[in-house]
Amino acid sequence: MLGLLRRPAVIILSFLVAIALVFGFQAWTPLVGGEILDRVASVEATTALLSSMTEAQKDSHFWMTLLLDYAFPVAYGAFFAGLALRFPGRFGVALAIPAFLVFGFDVAENTVQLIALTGEHGLLFLKALLTPAKFFTFNVAAVIALMSLIWLGFKAARSRLRGASSK
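Residues numbered from 1 in each chain as written. Predicted model: local features only at pLDDT ≥ 70, side-chain atom pairs only at ≥ 80, totals over all residues. Heavy atoms only, no water.

A. Region of the structure containing the overall build of the chain. Summing up its helical and strand segments, the chain has seven helices and zero strands in all. Counting helices and strands in the order they occur from the N terminus, the chain gives α-α-α-α-α-α-α. Here the chain holds 167 residues, and 38% of them are scored as buried. For the chain, the proportion of contacts with a sequence separation of at least 24, taken over those separated by at least 6, is 79%. When the accessible surface of the chain is summed, it comes to about 9200 Å², and 73% of that surface belongs to carbon and sulfur atoms. The distance from the centre of the 13 positive side-chain charges to the centre of the 9 negative ones in the chain is 29 Å. (Helix = DSSP H or I, 4+ residues; strand = E, 2+ residues; numbered from the N terminus. Buried < 20%, exposed > 50% of the residue type's maximum accessible area, 1.4 Å probe, protein only. Contact = heavy atoms within 4.5 Å. Areas by Shrake-Rupley, 256 points an atom, 1.4 Å probe, with all protein chains shown as cover. Lys, Arg positive; Asp, Glu negative; His and termini not counted. Charge placed at Lys NZ, Arg CZ, Asp CG, Glu CD.)

B. A look at the packing of aromatic side chains. Under the definition given, this model contains 10 aromatic pairs. Centre to centre, the rings of Phe 25 and Phe 72 are 5.4 Å apart; their planes meet at 75°, and the pair counts as edge-to-face. One end of the pair, Phe 25, is in helix α2 (residues 8-28); the other, Phe 72, is in helix α5 (residues 71-84), with 47 residues separating them in the sequence. Exposure class is identical for Phe 25 and Phe 72. Each is buried. (Phe/Tyr/Trp six-rings, centres within 6.5 Å; stacked < 30°, edge-to-face > 60°.)

Here is the structure:
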């Protein structure tokens, strides 16, 4: 599985899918009232947002979460993990840990949100933990992915320079 994630084609495809999903969120968000549950963490803010939504908006948000927001962590998680895994050996595996963690936090948060959108608010206290953890690990994984891109660019440039100097 790790070998599959580090393949350039998988990294590129997961990036393109993540971007497509971002556009999907942009198009769908007005149908849920303009604010999505993913952006709020506290029980109070989540409850207030849910209370302000019509039943049609809650239904639309439910389907957006189910169809887009479960696919999103798969896409960006594969992208982030794949780039981290381009680092050699165990170092790459260690650097991929935040990508795997953010996937878990995001899927758990989505599940809590789906339950809340059906009217059951008993698990909303988990959002106060899951949402900040999701954003933190997302940012860490994104920085690692950026570092990987810079490192891969440096390696490619160095390889080209060595190739040009040997001719």
